[in-house]
Amino acid sequence: MQSQNNNAIYITTPIYYVNSKPHIGHAYTTIVCDVLARLHKMLGSNVKFVTGTDEHGKKVEQSAINAGKTPQQFTDEISQLFRDLLTTINASNDDFIRTTDSRHKKAVAYFWKQLKKSGHIYLGEYSGWYDIRNEAYFNDDELIDGKSPLGGEVTMMKEPCYFFKLSAFQDKLLRYYEQYPNFVYPASRRNEVISFVKSGLKDLAVSRTTFSWGIPVPNDEQHIIYVWLDALVNYITLNGYPENDKLDDEYWKNVVHFTGKEIVRFHAVYWPAFLMAANLPLPKQIVSHGWWVSNGEKMSKSIGNVQNPSKYCDLFGSDALRYFMLREIAFGDDGNFALDNFISRYNSFLANSYGNMCQRVLSFIYNRLRGAINQIDLDAEYKAQTNEIEQIIYKAYGLAKQYQFNKYLEKIEHATSLVNQFIDLKKPWAIKDNDTLLNKVLCSLLTSIVTITKALSPVIPIAASKLLSFIKIDNNTIHVSQPEILFHKIDPEQKFDVHG
Ligand code: MSP
C-alpha cells in the first residue's frame, strides 16, 4: 500500500446481511467501491478498501432455525457466498470482516464501554412496533398501512433496554452538516438527513433481550447489543480499533462510507452521534447510491427476476458486469437492470468500439510489420492528437473521483471514438512506401490506446492488463505480440439464463 504520493483513502462497503445469497444490488455497492479503490491506487494514493458480512440479529437467528442450522453454521455458509462473490466480480479488497470475528466482538465491547463511560447510555424500557426484517423499532405514527416505513411486517414488543442519548446530538449534528456540506453526498440525501434530524431525535434503543445471537452488553449479558450499533463499529474494527483507540491516522481522516440510499440514516445520523459520544473523529463522507430493479420490477425470488451477478460473470466476464453497472446509471439514481440493455452496451462499446480499436491497430502491427515499430517523438500534428486524448482522460479522472462514473465512462467512450475516427482518417493499411509516416501514425495510435486502456483499467482490469501485456517497449522499439480479441460480440438474439 506504499506509494510516493502520501495521500490516503479508506473506502468501505456496507457489510452485507447474511440472510440470503448475494444478488446484483450487493454486487453493485462492491463494484463501485472497487473501481474507486483501483482508480485511487493507480493515481498514487495509499488505499485501504474493505468489505464484509453483518451476521448478528434476530432475523439471522430465525433464518438459521428455518434452515435447520445453527446460526454459526448458517452464517459461515452465507458469508462464504459473499466472499466468493468478491472473487467472481474481481474485487481488490484488502480485508474482509465478519461481525462474528473475535476482533470485532472485542471492538464492539470496548466501544460500548466508552459510550457508557461518557454517560451516553442508560437503562430504561422500550415498547414499540418492531420490524424484524430490518431490525428496527417504529412508533404508531411512522407505520404505513400497518407495516414499517421500510416495508417489513411489525409486531408490538416491550422489553427492558439500554438507550443511547441520541437526543443530545441533534444540534451538534445539524452544526456538523452545516460545517461540512459534503459530509452526506449527494445533496438529495443530505437534505433528507437534515430534515430527519430537524424533525427531532429521540433516544435510541441499543440493546435487545428477545434473542441471543449477537454481542452481549458488557456486564449485563442477557442484553444483546443492537445489531446496527454492532454493525457500524465494523468500520473502526477494520482500522485497528481498539488498539488504535484515537483513530487519528491518515486512513480514518479520509474514510468514505458507501451505502445504499435506504441506510443513509444509520450512517449519517446514528454513526456520527455514536462517534461523537465516544469522543472519536467522524468519517469524511457518507456517499449513497440508488437502487436497482430488474426489468422494471423490484427483485424478488417469487417473481423469479433476481439478477444473479455470478451468472453474468460466467457468461460475459466480470469486466462486462462492472462496466455495465457503472455506465448504465448516473451514480445516486435508481436503475433498471435488463439483459438486453446489458448486451447492447457491451456490444456497442466493449466489443465494437474499444475492442475493435485495439484489435485493428495491434493486429495490423503484428501482421503487417512483424510486431514492431519504432518509438519516436511525435511531430505537432500527431502530438496534438495524443494530447487531445490525454486531456479528455484527465477530465474523466476528475469525474470518477467525484463518483460521476457514468460521465467518466462517457468521456472515455468519446476519446475511443476519436481514435477510431483517426484510424479511418489516416488509413494505415493504405499507406504505401512511406515508412516514416506509417510509423508516426501507429505510434500515436498506440499511445492513445494505452492512455485509454489505463483509464479503463479500474473498470475492466482483466481486459486492460491483457491488452497492456501485448505491448512491450525495449530500446526505442515497441513490440506488439499477437493480440487476442478482448470482447467477443454477443448475439442479441441468443437466450441466456441470468436469473436465480
Ligand atoms: N447490513 C446492512 C448494512 C450494515 S453497514 C454497517 C445492510 N445490508 S444489506 O445486505 O441489506 O445491504 C447492503 C447493501 O446492498 C446496501 O448498500 C444496499 O443498498 C445494497 N443493495 C441491496 N439491494 C439493492 C438493490 N436492489 N440495488 C442496489 N443496491 C442494493 O443494509
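This section reports on the structure supplied with the text. As the structure is a computational prediction, the values presented were derived from the model and not from experiment.

Of regular secondary structure, the chain possesses 17 helices and 19 strands. Against the 2.2 N^0.38 benchmark of 23 Å for 500 residues, the chain shows a C-alpha radius of gyration of 26 Å, consistent with a compact globule. Across its three principal directions, the C-alpha atoms of the chain cover 90 × 50 × 40 Å. Put simply, the chain has 500 residues, and 57% of those count as buried. Residue pairs in contact within the chain that sit at least 24 positions apart in sequence constitute 76% of those at least 6 positions apart. Only carbon and sulfur atoms are counted for the fraction: they give 48% of the accessible area of the chain, which is about 21800 Å².

Moving on, we come to the site of the ligand. The local shell around the ligand holds 24 residues, among which I15, D54, G260, E262 and W292 are the closest. In the model, an oxygen atom of the ligand is placed 3.1 Å from a nitrogen or oxygen of the Y17 main chain. Within the side chain of W291, an N or O atom sits 3.4 Å from an oxygen atom of the ligand. Contact with the protein chains covers 95% of the free accessible surface of the ligand, which is 660 Å². Those elements that place two or more of their residues in the shell around the ligand are β2 (16–17), α1 (24–42), α7 (227–232), α8 (234–237) and β13 (255–260). Split by residue class, the shell around the ligand holds 12 nonpolar, 10 polar and two charged.

In this section: the nonpolar core. Ranked by internal contacts, the top residues of the largest apolar core, which has 94 residues, are F258, L321, Y354 and I452. It is helix α13 (residues 339–368) that provides the largest number of residues to this core, a total of 14 residues. Aside from chain neighbours lying at most four places away, what touches I452 is Y354, M357, I389, I393, I412, A415, T416 and V419. Core analysis: the second largest hydrophobic core is formed by 60 residues, W228, A231, V233 and L282 among them.

It is worth spelling out the pattern of salt bridges at this point. Taken as a whole and judged by the stated rule, the model has 21 salt bridges. Between E77 and K69 there is a salt bridge, and its shortest N-O distance comes to 2.8 Å. A salt bridge links E381 to K426, with the shortest nitrogen-to-oxygen separation between them at 2.7 Å. One end of the pair, E381, is in helix α14 (residues 380–401); the other, K426, is in helix α15 (residues 405–426), with 45 residues separating them in the sequence. Using a relative accessible area of 47% as the deciding quantity, one classes E381 as partly exposed. Each of D34, R38 and R322 takes part in a single network of salt bridges with overlapping partners.

Moving on, we come to the sheet that holds strand β12 (residues 220–225). Across the sheet, which stays open at both edges, the three strands sit in the order β10-β12-β11 with antiparallel pairing between neighbours. In this open sheet, the two edge strands, each paired with only one partner strand, are β10 (207–208) and β11 (216–217).

Summarising the element assignment, Q170 is placed in helix α5 (residues 170–179). The exposure class assigned to Q170 is buried, which follows from its relative accessible area of 19%. Residues Q170 and I11, spaced 159 residues apart in sequence, show a C-alpha to C-alpha distance of 27 Å. Excluding its chain neighbours within four sequence positions, the residues that come into contact with Q170 are V197, K198, G200 and L201. One polar contact links the side chain of Q170 to the main-chain carbonyl oxygen of V197, over a distance of 3.2 Å.

Glancing now at the sheet that holds strand β9 (residues 204–205). Taken together, the four strands give an open sheet; going across it, the order is β6-β5-β7-β9, and neighbouring strands pair in antiparallel fashion. Looking along the sheet, the strands with just one partner apiece sit at the ends: β6 (136–138) and β9. As judged from the two bridges shared by strand β7 (residues 154–164) and β9, these two strands associate in the antiparallel manner. Its bridge partner being in β9, F163 is matched across the sheet by A205.

With an omega dihedral of 0 degrees, the bond running from Y185 to P186 counts as a cis peptide bond. Tracing the chain through its elements places P186 in the loop between β8 (184–185) and α6 (187–198). Even without being glycine, N295 reaches a positive phi, approximately 45 degrees. Locating N295 in the fold gives a position in the loop between β15 (292–294) and α11 (309–316). If you check the backbone angles, N475 has positive phi at about 50 degrees while not being a glycine. Relative to the elements of secondary structure, N475 occurs in the loop between β18 (471–474) and β19 (477–480). The exposure class assigned to N475 is exposed, which follows from its relative accessible area of 72%.

Reading guide: rules and limits
- Residues numbered from 1 in each chain as written.
- Predicted model: local features only at pLDDT ≥ 70, side-chain atom pairs only at ≥ 80, totals over all residues.
- Heavy atoms only, no water.
- Helix = DSSP H or I, 4+ residues; strand = E, 2+ residues; numbered from the N terminus.
- Rg over C-alpha atoms; globule rule 2.2 N^0.38 Å.
- Buried < 20%, exposed > 50% of the residue type's maximum accessible area, 1.4 Å probe, protein only.
- Contact = heavy atoms within 4.5 Å.
- Areas by Shrake-Rupley, 256 points an atom, 1.4 Å probe, with all protein chains shown as cover.
- Near = heavy atom within 4 Å.
- Polar contact = N/O pair within 3.5 Å; in protein donor to acceptor, adjacent residues only side chain to side chain.
- Nonpolar A, V, L, I, M, F, W, Y, C, P; charged D, E, K, R; others polar.
- Core = buried A, V, L, I, M, F, W, Y, C linked by side-chain atoms within 4.5 Å.
- Salt bridge = Lys/Arg side-chain N within 4 Å of Asp/Glu carboxyl O.
- Pairing = 2+ DSSP bridges.

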